[in-house]
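Observations on chain architecture
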Amino acid sequence: MSRTNFKELLDAGVHFGHLKRKWDPAMAPYIFMEKNDIHIIDLNKTVVKIEEAANALKQIAKSGKKILFVATKKQAKEIIETSLEGTNMPYVTERWLGGMLTNFPTIRKAIKKMNTIDKMGERGTLDHLSKRERLQISRQRAKLEKTLGSISDLTRLPAAMFIVDINKEHIAVKEAHRLDIPVFAMVDTNSNPNLVDFPIPANDDAAASISLIVNILTQAIKEGLAERKLEREKDAENKKAAKAKAEKKEIEKKEAEATEEKKPTKVDIEEATEEAPAKKAPAKKAPAKKAATKKEEAPAKKSAAKKAPAKKAAPKKAAKKDDTSKEDK
């Protein structure tokens, strides 16, 4: 499904070009007709180009890279500022400083200076300065904020640029070409579309036209950022799941090792089997000892029994002696 349609573009006045005498011949493929000495842009081609640009910007935003918006026209300033809310994309709505891209380290130094002034204000070091010095620093801070405040978060060169009116922002276009930064731009009938990587043939003077196209492109950027967020969340969940799985495997491995340690090994079983008969052998010999003692006791008892009658015979002899003594008398 396309992001816009013919009627929507027609209502916004995207089809109005410049006067015939101001046209650029390179724009001939995108011109539908001429009416009242004014060129009319072919909106069917505009719809296709908007779709291409939106898809490309969505992919750039999804990859986490920055897109710099440049629009220093009066009618485009507010539109750019309001449309880019929530996207965290840098933009330039005041004068384009020469070397903003080609001399980026110097621009970064100016941004750092602005940040140091802010820190001084937070710490209260500005209170120790004289009134004149404070005024000079505050004016310097206001000047830096006006020109560089919107790109203070841009820590490296942008991955792409979107420009409204490439004739007015020709310095930005040249710098982007020198650094091989792809350029997306609204191109009117008085501009050369060959200077841009993703030209969008449209009226770049009407506020309604600028607003419509910028809103479509910012919406595509927001979609890309939302998809990136979802992917990050999914990756985080997958990492957590993988971590939990790894931990579970480690626990299972430790448990398996513990059970293996408890289980008797072949050597332990062999040792146990060797020890068992050794313990049983003395137990079998024990009854033999008992039998031996019984045998020893039995003859002893018999001998005692045999000796017992000898004791009984002794009184008989004594009786015989008494009888003999009586006979002698």
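Before reading further, recall that the structure is shown in the block above.
Throughout what follows, the structure given in this document is the object of discussion. (Residues numbered from 1 in each chain as written. Predicted model: local features only at pLDDT ≥ 70, side-chain atom pairs only at ≥ 80, totals over all residues. Heavy atoms only, no water.)

With respect to the pairing of strand β6 (residues 160-164)
- Counting buried positions along β6 yields 5 of 5 residues, so the element is predominantly enclosed.
- Burial along β6 is two-sided: A160, F162 and V164 and M161 and I163, pointing in opposite directions, are all buried.
- Here strand β4 (residues 67-70) runs beside β6; their pairing, made up of 4 bridges, is parallel. Its bridge partner lying in β6, V70 is registered against I163.
- Pairing between β6 and strand β7 (residues 183-187): 4 bridges, direction parallel. Bridged to V164 within β7 is M186.
- For the crossover that starts at β6, traverses helix α6 (residues 170-178) and ends in the parallel β7, the hand is right-handed. (Buried < 20%, exposed > 50% of the residue type's maximum accessible area, 1.4 Å probe, protein only. Helix = DSSP H or I, 4+ residues; strand = E, 2+ residues; numbered from the N terminus. Pairing = 2+ DSSP bridges. Right-handed = clockwise from strand over helix to strand, strands pointing away.)

Considerations on the sheet that holds strand β1 (residues 16-19)
- Taken in spatial order, the 3 strands line up as β1-β3-β2 in an open sheet, and their pairing is antiparallel. Lying at the two open borders of the sheet, with one neighbouring strand each, are β1 and β2 (31-35). Between one strand axis and the next, the sheet turns by 30° as a mean value, whatever way the strands run.
- As paired strands, β1 and strand β3 (residues 38-41) are joined by 2 bridges and run antiparallel to one another. Residue F16 lies in a different strand from β3, and its bridge partner there is I40. (Axes fitted to C-alpha atoms, helices over the stretch in contact; angles between N-to-C directions.)

Thoughts on the packing of aromatic side chains
- Tallied over the entire structure, the rule returns 2 aromatic pairs.
- Ring geometry for F69 and F162: centres 5.4 Å apart, planes at 50°, overall tilted. A residue pair is termed long-range when its members are at least 10 positions apart, and F69 in strand β4 and F162 in strand β6 qualify at 93 residues. Pair check on accessibility: F69 and F162 agree, each one buried.
- An angle of 5° between the planes, with centres 4.4 Å apart, marks the rings of F184 and F198 as stacked. With F184 in strand β7 and F198 in strand β8 (residues 198-201), this pair connects stretches of sequence that are 14 residues apart.
- With a relative accessible area of 1%, F184 lands in the buried category. (Phe/Tyr/Trp six-rings, centres within 6.5 Å; stacked < 30°, edge-to-face > 60°.)

Side note on the environment of M120
- Positionally, M120 belongs in helix α4 (residues 104-123).
- By relative accessible area, which is 27% here, M120 ends up partly exposed.
- Residues within four places of M120 in sequence aside, it is in contact with T125, L126 and L129. (Contact = heavy atoms within 4.5 Å.)

Side note on unusual backbone geometry
- With a phi angle near 65°, D37 is a residue other than glycine that sits in the positive phi range.
- Of note, D37 is situated in the loop between β2 and β3.
- Despite not being glycine, D180 shows a phi value in the positive range, around 60°.
- If you trace the backbone, D180 turns up in the loop between α6 and β7.

Focus: helix α2 (residues 43-62)
- Across its 20 residues, α2 extends 28 Å between first and last C-alpha, which sits within 8% of the 28 Å expected from 1.5 Å per residue.
- Of all the positions in α2, only L43, T46, V47, I50, A53, A54, A56, L57, K58, I60 and A61 are classed as buried.
- Trailing α2 by a residue or two, G64 shows a phi angle of about 85°, which is positive. (Expected span 1.5 Å × (residues − 1).)

Re the packing of α4 against helix α5 (residues 131-148)
- Relative to each other, α4 and α5 sit at 130°, their axes nearing to 10 Å. Our classification of the angle between α4 and α5 gives oblique. The way α4 lies across α5 gives a crossing that is left-handed. Seen from α4, the contacting residues are I107, A110, I111, K113, M114, I117 and D118; seen from α5, they are I137, Q140, R141, L144, E145 and L148.
- A class-by-class count of the residues in the contact of α4 with α5 yields 8 nonpolar, 1 polar and 4 charged. (Parallel < 35°, antiparallel > 145°, perpendicular 65-115°, else oblique. Left-handed = near helix turned anticlockwise from the far one by under 90°. Nonpolar A, V, L, I, M, F, W, Y, C, P; charged D, E, K, R; others polar.)

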